[in-house]
Amino acid sequence: MNKILTIVVLFLAQFGMAQIDVKLSITNIKKMKGNLAIEFYRNVENYTKGQNAFKKLYVPIENIDKYETVFKNIEPTFYAVKVYLDVNNNKQLDKSFLGVRKEPYGFSTNADPILREPTFEEAKVEMTEENNTIGIKLNNNKGEE
């Protein structure tokens, strides 16, 4: 019985140590004012639907060039991140009738297909202890047109 208990404790200890902290760095904000909407996904279904993000932030910003945050105790696996700067505070990424994004936006891997979001495969990054930083450069820094 003691051997089984020891094995279970060792297994749980290894599982607990597998958690990492992931740093997210968003650049090219150009000192605009608004709210950064950050959606952090870990599976293709939720990413594609734009629902049930693993982590989600809506952060007011003003007069900064760069925003950084850390997601603590994250499982090492693949993630995809969507970010946009909601300059008019309507809690959605505004697009023209042709689907062109009208507010600053970015995705992990800085993927930027025209007239569509990158797929999960195009945007995913593997987070490990050695590779635990995601850098996103915002595109389309024109704000409202």
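These numbers were taken from a predicted model, which means no experiment stands behind them.

Student: Teacher, can you tell me more about the overall build of the chain here?
Tutor: Each helix and strand counted, the chain has 3 helices and 8 strands in total. Each helix and strand of the chain, placed in order from N terminus to C terminus, yields the pattern α-β-β-α-β-β-β-β-α-β-β. Put simply, the chain has 145 residues, and 37% of those count as buried. Pairs at least 24 apart in sequence give 70% of the contacts found in the chain among residues at least 6 apart. A total of about 8900 Å² of accessible surface is found on the chain, and carbon and sulfur atoms cover 53% of it.

Student: Could you clarify how one ought to interpret the packing of aromatic side chains in this entry?
Tutor: Taken as a whole and assessed by the stated rule, the structure comprises 7 aromatic pairs. When the ring of Phe 40 is compared with that of Phe 54, the centres are 6.1 Å apart and the planes differ by 35°; the resulting orientation is tilted. Here Phe 40, found in strand β2 (residues 34–41), pairs with Phe 54, found in the loop between α2 (44–49) and β3 (55–61); they are 14 residues apart in sequence, far enough to count as distant. Overall, Phe 40 belongs to the buried group, its relative accessible area being 0%. Seen in terms of ring centroids, Tyr 41 and Tyr 47 are 5.6 Å apart; in terms of plane orientation they differ by 90°. Their pairing is edge-to-face. A relative accessible area of 1% means that Tyr 41 is categorised as buried. Under the relative-accessibility criterion, Tyr 47 is labelled buried at 2%. Ring-pair connections join several aromatic residues into one group, and the members of that group are Phe 40, Phe 54, Phe 71 and Tyr 79. When the ring centre of Tyr 47 is taken as origin, the NZ or CZ atom of Lys 82, which lies over that ring, is 4.5 Å away. A cation sits over an aromatic face here: Lys 124 above Phe 78, 4.4 Å from the ring centre.

Student: Help me understand the sheet that holds strand β8 (residues 133–137), please; the structure alone is not making it clear to me.
Tutor: Think of a sheet as strands paired side by side through backbone hydrogen bonds, with each pair either parallel or antiparallel. The strand order β4-β1-β8 describes an open sheet built from 3 strands, whose pairing is mixed. A single partner strand is all that each edge strand has here, and the edge strands are β4 (66–74) and β8. Within this sheet the neighbouring strands show an average axis-to-axis angle of 15°, counted without direction. Examined bridge by bridge, strand β1 (residues 20–27) and β4 share 7 bridges and lie antiparallel to one another. Looking at β4, one finds that Val 22 is bridged to Phe 71.

Student: Explain a nonpolar patch on the surface here, please?
Tutor: A cluster of nonpolar side chains, Phe 97, Leu 98, Val 100, Ile 114 and Leu 115, forms an exposed patch at the surface whose accessible area comes to about 630 Å². Judged by its relative accessible area of 41%, Val 100 falls in the partly exposed class.

Student: Help me out: how do you make sense of the pattern of salt bridges in this one?
Tutor: Oppositely charged side chains can pair when the atoms bearing their charge come close. Tallied over the entire structure, the rule returns 9 salt bridges. When the shortest N-O distance is used, the salt bridge between Lys 56 and Glu 39 registers 3.8 Å. Within this pair, whereas Lys 56 is found in strand β3, its partner Glu 39 is found in strand β2, the two being separated by 17 residues in sequence. Residue Lys 56 is classed as exposed on the basis of its relative accessible area, which comes to 58%. Measuring nitrogen to oxygen at the nearest pair gives 2.9 Å for the salt bridge that ties Glu 117 to Lys 82.

So, how was this worked out
Residues numbered from 1 in each chain as written. Predicted model: local features only at pLDDT ≥ 70, side-chain atom pairs only at ≥ 80, totals over all residues. Heavy atoms only, no water. Helix = DSSP H or I, 4+ residues; strand = E, 2+ residues; numbered from the N terminus. Buried < 20%, exposed > 50% of the residue type's maximum accessible area, 1.4 Å probe, protein only. Contact = heavy atoms within 4.5 Å. Areas by Shrake-Rupley, 256 points an atom, 1.4 Å probe, with all protein chains shown as cover. Phe/Tyr/Trp six-rings, centres within 6.5 Å; stacked < 30°, edge-to-face > 60°. Lys NZ or Arg CZ within 6 Å of the ring centre and 35° of its normal. Pairing = 2+ DSSP bridges. Axes fitted to C-alpha atoms, helices over the stretch in contact; angles between N-to-C directions. Patch = residues over 30% accessible without salt bridge, like charges linked within 9 Å, V, L, I, M, F, W, Y side chains within 5 Å. Salt bridge = Lys/Arg side-chain N within 4 Å of Asp/Glu carboxyl O.

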